[in-house]
Amino acid sequence: MTEPKKGWFQRLADGLSRSSKQMTEQVTATFTKQPLTQEKLDELEEMLIEADLGPHSAARITQRFSDAKFGKSVDEAEIKEALAEAIGEELSSRQGTFDPLSGPRPYVVLFIGVNGSGKTTTLGKIAADLTGRGAKVLVVAGDTFRAAAVEQLRVWAERAHADFMSRPPNSDAAGLAFDAVERAKAQGYDVVLIDTAGRLQNKQGLMDELLKVIRVVKKVEPDAPHETLLVLDATVGRNALAQENIFGNQIGVSGIVMTKLDGTARGGVLVPVAQASDSPIKLIGVGEGIDDLQPFQARAFARSLVGLEDA
Ligand SMILES: Nc1nc2c(ncn2[C@@H]2O[C@H](COP(=O)(O)OP(=O)(O)OP(=O)(O)O)[C@@H](O)[C@H]2O)c(=O)[nH]1
Ligand SMILES: [Mg+2]
């Protein structure tokens, strides 16, 4: 007999367990059964900064927490509830939806981000989800720089039962993207998912190539790409902020995917990234498997981050 599939909240909670474990230990040590004083609040703020939430978010969350609980003696569950509430409020306006099937056809999605951040894996997971919902999906190996990258994506496309387009190594990625969108229009595809390289000869070379891909895609379909998803790896901690800044400013981003939340105790970094970015967090990766990508839900994320159950 196969085990019943885990619910999405449980996957999220499991994925964030490293982050929440650290947070829980500190919360318990600092607060339990003691009146909430200014000194304790300072400790909380420090703890949140250490958990990679960043000084601004940490200050705001501490303030919200203080407004709710100052001077009271609180138990662990109450502290966690108040903290989850404060973090959830911080994030609630930063939650966006990714729904390519409710947009124009073909809906063109570009995946960008530094090497190793999880672009190809995220694309594969999305392709599988979309074909599972009956969509006609074209997967495009726009990372023409490395032969291994093309093969990795081909495997994902096969697993997802999506169609696949590639070119020999070192071909022009923009030319491939152009042909892919043309084909998608001609053949009635619902969604086009375009992978890109994370590293070229240098950073400017990468940015120039991404801009060229976008320019060329617009020649076929002026409103495309309909989504430019920036994929950020949570395990790099506050480095993700710098990446958000560079890609956001130079390329333009419509949504953020934060991956590898399962591989780190630094899941809190999602909070300052969400705050700093003009674009919302749309999806989160909580594992390497095909089902380990979830829509970002601020409240559930906040609860999982502090080790609470779904409410
Ligand atoms: N644990 C975990 N691993 C992930 C997640 N997302 C991606 N990975 C792993 O991270 C590694 C890099 O992922 P890729 O998808 O190849 O990253 P990329 O951005 O395409 O990398 P380049 O093609 O080199 O630019 C792979 O081993 C993935 O399995 C996630 O949410 N959780
Ligand atoms: Mg890749």
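Counting of residues starts from 1 at the beginning of each chain's written sequence and follows it residue by residue. Whichever chain is written first becomes A and whichever ligand is written first becomes 1, with later ones labelled in order. For a predicted model such as this one, the threshold for reporting local features is a pLDDT of at least 70, and the threshold for listing and counting side-chain atom pairs is 80 or more; totals across whole chains, interfaces and linings nevertheless cover every residue.

1. A look at the overall build of the protein
Helix and strand definitions follow DSSP, with helices as H or I runs of at least four residues and strands as E runs of at least two, each counted in order from the N terminus. What the protein contains, in helices and strands, is 12 helices and eight strands. As defined in this context, the radius of gyration uses C-alpha atoms, and a globule is described by 2.2 Å times the residue total to the power 0.38. For 311 residues, the compact-globule estimate of 2.2 N^0.38 gives 19 Å, and the protein sits close to it at 21 Å. Looking at the protein as a whole, 50% of its 311 residues are labelled buried. We call two residues in contact when their backbone-placed C-beta atoms lie within 7 Å. Taking contacts inside the protein between residues at least 6 apart in sequence as the whole, the part at least 24 apart equals 78%. Residues with at least 20 other C-beta atoms within 10 Å of their own are called buried, those with 12 or fewer are called exposed, and the rest are partly exposed. The C-beta atoms themselves are positioned from the backbone.

2. Remarks on the domain arrangement of the protein
Residue ranges labeled as domains rest on an automatic or database domain assignment. Each domain of the protein was delimited in the assignment, giving domain 1 (9-92) and domain 2 (100-305). Here the C-alpha centroids of domain 1 and domain 2 sit 32 Å apart. Taken together, the 23 residues of domain 1 in the interface contact 26 residues of domain 2. Those elements that place two or more of their residues in the side of domain 1 that touches domain 2 are α1 (8-15), α2 (17-31), α4 (55-69) and α5 (76-92). Sorting elements by how many residues they give to the side of domain 1 that touches domain 2 places α5 first, with six residues. Each residue receives one of three labels: charged for Asp, Glu, Lys and Arg, nonpolar for Ala, Val, Leu, Ile, Met, Phe, Trp, Tyr, Cys and Pro, and polar for the others, Gly being one of them. When grouped by side-chain class, the residues that make up the side of domain 1 that touches domain 2 number 10 nonpolar, nine polar and four charged.

3. Section: helix α3 (residues 38-50)
Here α3 is 13 residues long and its end C-alpha atoms lie 18 Å apart, about the 18 Å a rise of 1.5 Å per residue gives. Turning to α3, the residues buried within the fold contact α2 and α4. Positive phi appears at Asp-52, one or two residues downstream of α3, with a value of about 70 degrees. One less than the residue count of a helix, multiplied by 1.5 Å, gives the span that helix is expected to have.

4. Description of the nonpolar core
A set of buried Ala, Val, Leu, Ile, Met, Phe, Trp, Tyr and Cys residues, joined through C-beta atoms within 7 Å, is what we mean by a nonpolar core. One finds Ala-127, Val-192 and Leu-193 to be the most contacted residues of the largest nonpolar core, which totals 93 residues. Taken domain by domain, this core gets at least three of its residues from each of domain 1 (9-92) and domain 2 (100-305). Dropping the residues within four chain positions of it, Ala-127 is found in contact with Val-137, Val-139, Trp-156, Ala-157, Ala-160, Ala-162 and Leu-193.

5. As for the packing of α2 against α5
Simply put, an axis is a line fit to the C-alpha atoms, just over the touching stretch for a helix, and the angle between two N-to-C directions goes from 0 to 180 degrees. For the pair α2 and α5, the least separation of the axes is 10 Å and the interaxial angle reads 120 degrees. With respect to each other, α2 and α5 are oriented oblique. When you trace α2 past α5, the crossing you get is right-handed. Between α2 and α5, the contacting residues are Val-27, Thr-28 and Phe-31 on the first element and Glu-76, Ile-79, Lys-80 and Leu-83 on the second. The residue inventory of the contact of α2 with α5, partitioned by class, reads four nonpolar, one polar and two charged. Every angle not falling under 35 degrees, over 145, or within 65 to 115 is termed oblique; those three ranges are roughly parallel, roughly antiparallel and roughly perpendicular. Should the near helix be turned anticlockwise from the far one by less than a right angle, the crossing is left-handed, and should it be turned clockwise, the crossing is right-handed.

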